[in-house]
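Chain and residue survey
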Protein chains: 2
Amino acid sequence: MPRYKLTIEYDGRPFVGWQRQANGPSVQAVIERAVKAFCGDEVTIGGAGRTDTGVHATGQVAHVDLTRDWPAETVMGALNFHCLPDPVAIMACEKMHEGFDARFSAIRRAYRYRIINRVPPVTFERGLVWHVKPDLDAEAMHAAAQVFVGHHDFTTFRHSRCQAKSPEKTLEVFTVRREGHEVIAECASRSFLHNQVRSMVGTLRLVGEGRWTADDVRAALAARDRKACGPVAPPDGLYLTRVDYRPAEVDTAARAAWLSGGGSAGPGDQAGAEDDDGEGSGD
Amino acid sequence: MPRYKLTIEYDGRPFVGWQRQANGPSVQAVIERAVKAFCGDEVTIGGAGRTDTGVHATGQVAHVDLTRDWPAETVMGALNFHCLPDPVAIMACEKMHEGFDARFSAIRRAYRYRIINRVPPVTFERGLVWHVKPDLDAEAMHAAAQVFVGHHDFTTFRHSRCQAKSPEKTLEVFTVRREGHEVIAECASRSFLHNQVRSMVGTLRLVGEGRWTADDVRAALAARDRKACGPVAPPDGLYLTRVDYRPAEVDTAARAAWLSGGGSAGPGDQAGAEDDDGEGSGD
């Protein structure tokens, strides 16, 4: 069965999140229904990151196995047609080797968080940004964000119901910049804990308002205590923007080893203990 | 009675347009209701441009006279509060001299037109952009847009029900550029004919697709015939972005002359016959 990699953009406002759930519409269900409408296949698709209710994506990735060997362009066009009128778009579709797994092959997830920083209400982008009225010092936020970069125990910045085995993660990059009325935070890591990005951004907001210093952020991180976290930022401003993958040959070998029982936590695990959940849920 | 200048941003999707009408909600009515809720004054406000149904603004300007001499900041905060939940925001509020008129004192209107140029459907910005699938050559569109710059008879590019006395206008600038998947057209003029921007952009789209040349645009303009116009672009992508004003002393003198019967077409008229409608409706 040919495997396809889908790069997906979606407006998270009408959804309970990426993952199929009984209590409301999900992005996963929209795409699975589109696959069925297109070719009759009843599939379950896996995404690279499980975005929460109201969280958006410009570069979510999923894979799907289809019975027939369709041209990738045909699959993309058909799924885009059948996803309508839901605000879900397949931005790219590629045929992949069988070792490719959208979740376990991923080596990096990137998120963007958008803050509209002005006094007047938001007009065009309600539900697509976090509206913060007090003037934010984006440079101070950027400086404090560097506290998070590197390998840390992120217990303070993880949802109390986060299911990852370890609270340790390695944040590769975290930038904050201002563009006019907008303050944009971007970060990347192999994977994230549940609510990690929103927890970090909510804390950096305190720095932007001058209520916390970078040292306060450092102390919160060192506390390894959920109660030390600032107010968590809302889902509205969060976007999964990119998922990166390792080369095909590594994938196939890792998957073969995993299938033959050579690993216990899945083929996403090779890079080390800090990523043992392999989950990539950053919202 | 103190006069205030309001700079207004609005999402045009839920509105029949700027102007109060019997057949649906308008931006003007939202602001007039907000004024009444704030201070009890029953006012009629005038806007610099009469945007059509579904057209947006980031820099519409209106003036309003209030009974009491409120601080401008108080007016802005109160109107923003009372405009909610409608997607209308007062971005700035200034106290003005009595000669200031949002419509007649304006010397320049600027519009932006946003095209999302990609095959996949639009997700986040439905109703906020024009979705054009075929690859557009933005450089060719920019070159052809220069045909419109200068003083011309824009009969071809004006709505058949346009009420301006003259079809002649002087376009100051017209640029088209690409930013990733987006093609952005921007133009400025003292005033525009009804549907002029959307007519010009719809025609430039034909150039972007390679179906028309700049010479075809030149011939369409020279034809002075509405039937020579390309398909008019939808309102979705159009934004009134800025209105510029002349200095206060000129304003006051022009208004005084007009009130004393020195002019027949209103104080907006001094710059010449090409702007005799003084209307500034560019959508």
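Residues numbered from 1 in each chain as written. Chains lettered and ligands numbered in written order. Predicted model: local features only at pLDDT ≥ 70, side-chain atom pairs only at ≥ 80, totals over all residues. Heavy atoms only, no water.

As named in an unreviewed UniProt entry, chain A is tRNA pseudouridine synthase A, taken from Pannonibacter tanglangensis. Under Catalytic activity (unreviewed entry), UniProt gives the following word-for-word description of chain A: "uridine(38/39/40) in tRNA = pseudouridine(38/39/40) in tRNA". Among the UniProt annotations of chain A, the heading Subunit (unreviewed entry) holds the following wording: "Homodimer." (UniProt positions renumbered as here; feature names shortened; annotations may be inferred.)

**Concerning the relation of the copies chain A and chain B**
Superposing chain A onto chain B takes a rotation of 180° combined with a translation of 0.0 Å along the rotation axis, leaving an RMSD of 0.0 Å. Here the two chains are linked by the operation of a two-fold rotation axis. Looking at the rotation axis and the C-alpha trace of chain A, the residue lying nearest is Glu125(A), at 4.3 Å. (Least-squares fit on C-alpha atoms with pLDDT ≥ 70 in both.)

**Considering the UniProt feature "active site" (unreviewed entry) in chain A**
The positions UniProt marks with the feature "active site" (unreviewed entry) are Asp52(A). Within the element layout of this structure, Asp52(A) appears in the loop between β2 (46-47) and β3 (56-65). (Helix = DSSP H or I, 4+ residues; strand = E, 2+ residues; numbered from the N terminus.)

**A word on the packing of helix α3 (residues 138-145) of chain A against helix α4 (residues 196-208) of chain A**
All names here are of chain A. One can describe the packing of α3 onto α4 by two numbers: an axis separation of 8 Å at closest approach and a directional angle of 130°. As the angle between them shows, α3 and α4 are arranged oblique. Relative to α4, α3 is oriented so that their crossing is right-handed. Facing Ala140, Met141, Ala144 and Ala145 of α3, the residues of α4 in contact are Leu204, Arg205, Val207 and Gly208. By residue class, the composition of the contact of α3 with α4 is 6 nonpolar, 1 polar and 1 charged. (Axes fitted to C-alpha atoms, helices over the stretch in contact; angles between N-to-C directions. Parallel < 35°, antiparallel > 145°, perpendicular 65-115°, else oblique. Left-handed = near helix turned anticlockwise from the far one by under 90°. Contact = heavy atoms within 4.5 Å. Nonpolar A, V, L, I, M, F, W, Y, C, P; charged D, E, K, R; others polar.)

**Observations regarding the interface of chain A and chain B**
Often, the extent of an interface is quoted as the loss of accessible area on bringing the components together. Each side of the interface is counted separately: chain A has 26 residues, and chain B has 26 residues. Taken together, both faces of the contact between chain A and chain B bury some 1800 Å²; the carbon and sulfur share is 66%. When the buried area of chain A at its contact with chain B is split by residue, Pro121(A), Thr123(A) and Phe124(A) rank highest and sum to 34% of it. Residue Glu9(B) is joined to Arg118(A) by a salt bridge in which the shortest nitrogen-to-oxygen separation is 2.9 Å. Where chain A meets chain B, there are 8 residue pairs in polar contact (both at pLDDT 80 or more). Residue assignment for the side of chain A that touches chain B shows that the elements contributing at least two residues are β1 (3-10), β3, α2 (72-83) and β4 (88-96) of chain A. Element by element, the count of residues in the side of chain A that touches chain B is highest for β4(A), at 4 residues. Looking at the side of chain A that touches chain B residue by residue, the class counts come to 15 nonpolar, 5 polar and 6 charged. (Buried area = accessible area lost by both parts, 1.4 Å probe. Salt bridge = Lys/Arg side-chain N within 4 Å of Asp/Glu carboxyl O. Polar contact = N/O pair within 3.5 Å; in protein donor to acceptor, adjacent residues only side chain to side chain.)

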